[in-house]
Each structure stands twice: as structure tokens, then as C-alpha cells.
Amino acid sequence: EKKELELNHQLDELNIKLNQIVNESTNKINSLQQTNELINNKLIGQEIELNNKIFELNNQLSDLTTESKEKVTSLQSIIISAEKKELELNHQLDELNIKLNQ
């Protein structure tokens, strides 16, 4: 009976230690879950910021592309006008040369 009491006492002590370990583990798990949640929230926030920046940069790129195309078209028109003017001036120069040579 004495032995049984002693074993029951040891069993009680082991149960107390086991409960402490379970409680500490549960606390650590809860703490890790909270930390994980904070990290996930920060990551989600950063992802949203990055997506907004990407959207903004894509819009800027689109605007620049449109602007560049417009400038190219404008330059092409200027070149065509200059070539026409050059042809006119060459024609006038030819006419003047003919008159000078007569």
C-alpha cells in the first residue's frame, strides 16, 4: 500500500510535468501562429503595394508607348514634308539652271 501511494505520487508529479509541457507547447504554438499571421498580413500588404506599383508602371509604360508612337508619326510627317520640299527646290533649281544655260 505504501508502494502504491508512492507510485501514485510519482504518477501525479509526472502528470503535472506533462501538463506543464503541454501548456508550454500550446503557448508556443499560439505565439507562432500569431507571428505567422502578422507576417502573412505584412506580406499581403506588400503584395498589394507591389501590384499597385506594377499597375502604375504599366500605365506609365502604356502612356510612353503611345507618346512615342505619336512622336514617330509626327517625325515621319516632317520627313515626308521635307522630302517634298527638297523635290520642289531641286525642280526649281533645275529650271533656274536651264534658264541660266540658255
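In the block above lies the structure referred to throughout.
Bear in mind that the values here come from a model prediction, so they are computed numbers and not experimental data.

Trainee: Even after reading the chapter, I still don't get the overall build of the protein chain, so can you show me in this structure?
Mentor: The number of helices and strands found in the protein chain is one helix and zero strands. Taken over the C-alpha trace, the protein chain has a radius of gyration of 43 Å; the compact-globule value for 102 residues is 13 Å, which it surpasses by more than 25%. Based on the C-alpha atoms only, the size of the protein chain along its principal axes is roughly 145 × 20 × 10 Å. Sorting the 102 residues of the protein chain into buried and exposed places 0% on the buried side.

Trainee: What am I meant to see in the pattern of salt bridges here?
Mentor: Here the idea is simple: oppositely charged side chains can pair when their charged atoms come close. In total, this model carries one salt bridge according to the counting rule given. Notably, a salt bridge pairs Lys-71 with Glu-67, separated by 3.6 Å at the nearest N-O pair. Linking Lys-71 with Glu-67, this pair stays in helix H1 (residues 2-101), spanning four residues, or about one helical turn.

Trainee: Help me understand a nonpolar patch on the surface in this model?
Mentor: Taken together, the side chains of Leu-75, Ile-78 and Ile-79 present a nonpolar region at the surface, about 300 Å² in accessible area. For Ile-79, the location among the structural elements is in helix H1. Using a relative accessible area of 48% as the deciding quantity, one classes Ile-79 as partly exposed.

Definitions and cut-offs
Residues numbered from 1 in each chain as written. Predicted model: local features only at pLDDT ≥ 70, side-chain atom pairs only at ≥ 80, totals over all residues. Heavy atoms only, no water. Helix = DSSP H or I, 4+ residues; strand = E, 2+ residues; numbered from the N terminus. Rg over C-alpha atoms; globule rule 2.2 N^0.38 Å. Buried < 20%, exposed > 50% of the residue type's maximum accessible area, 1.4 Å probe, protein only. Salt bridge = Lys/Arg side-chain N within 4 Å of Asp/Glu carboxyl O. Patch = residues over 30% accessible without salt bridge, like charges linked within 9 Å, V, L, I, M, F, W, Y side chains within 5 Å. Areas by Shrake-Rupley, 256 points an atom, 1.4 Å probe, with all protein chains shown as cover.

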